[in-house]
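Analysis of the macromolecular model
The residues making up each chain are set out below.
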Amino acid sequence: RAGDVCFSNVGCNGCVSYPLPERSVRESDCGFRIAESVPLIGDELALIYAVRNRVENAVKFTPNGGRVDLGVYREDEMAVLQIEDTGPGIPPEELDRIFEPFFRGRQPPVEGSGLGLSIVKRIVDRLGGSIAIENITGPERSGLRVTVYLKLAPESGSKYLGAGPSTPQTST
C-alpha cells in the first residue's frame, strides 16, 4: 500500500544504511553532500529499491579511491535525489538507450542483467516524477550524475521515517 514517506530518510535509513558491498566501504568515499528531510507520497519499498539500485551502481562503476556523492533536497515544489560518481560515465551515444530493459552498452563486464535502470525509471514514472542522467565532464571531476525529481507531499500528516522533518544534514 502506498503511503506518505520521507524521501531523505528512505535514502539515508531505508537503503544506504543497509550494508553495501564491502568494496564500497573499503575502497570508495560514499556519503551525503546534503540530506534534507523531504516528504513525498509513494511506495516505500519501491523508493528504497530505486535509491539503493542507483547507489549500488554508482559504487560498482566508481574506481578504487573514487567518490559517490548523494544529495537529497527540495527544489521548487519537487523532492530531488541526486547521485554523482567519479566512474567512467556512459558513452554519449548510449544515453538515449540507457532505460531500455537489458541494455548494457559497452560498459566493463560487471555483474547485472541490465534491468536496474529500466525498473527505476518505471518506479519514478509511476510516482509521477522524472529521472535525468548526464555525464559530468570537467577538469576536476568526471563521472555520472543521476537526478530523480518527485512531487513533494504536503508536510502536515506526512510520515517521516527515522529522524523526521527538521534534521537537514550536510557532509563535506
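None of the values given here were measured: they were computed from a predicted structure.

Of all residues in the chain, 71% attain a pLDDT of 70 or more, and the chain-wide mean is 75. The spread of mean pLDDT over the elements of the chain runs between strand β8 (residues 169-170), the lowest at 42, and strand β6 (residues 130-136), the highest at 95. This model gives residues 1-19 a pLDDT under 50, and the stretch forms 66 contacts once residues within four places in sequence are excluded. Note that pLDDT drops below 50 for residues 159-172; the model gives that stretch 34 contacts with residues more than four away or on any other chain.

Counting 31 residues, the largest nonpolar core has I83, I131, I133 and L150 as its most contacted members. Of all the elements in the fold, those that place two or more residues in this core are β2 (29-35), α3 (44-61), β4 (67-75), β5 (78-85), α4 (116-126), β6 and β7 (143-151). Broken down by element, this core gets its largest block of residues, seven residues, from α3.

Every buried residue of α4 is accounted for by G116, L117, S118, V120, I123 and V124. For α4, the elements touching its buried residues are α3, β6 and β7. Within two residues after α4, G128 carries a phi angle of roughly 75 degrees, on the positive side.

Conventions and cut-offs
Residues numbered from 1 in each chain as written. Predicted model: local features only at pLDDT ≥ 70, side-chain atom pairs only at ≥ 80, totals over all residues. Heavy atoms only, no water. pLDDT = per-residue confidence, 0-100. Helix = DSSP H or I, 4+ residues; strand = E, 2+ residues; numbered from the N terminus. Contact = heavy atoms within 4.5 Å. Core = buried A, V, L, I, M, F, W, Y, C linked by side-chain atoms within 4.5 Å. Buried < 20%, exposed > 50% of the residue type's maximum accessible area, 1.4 Å probe, protein only.

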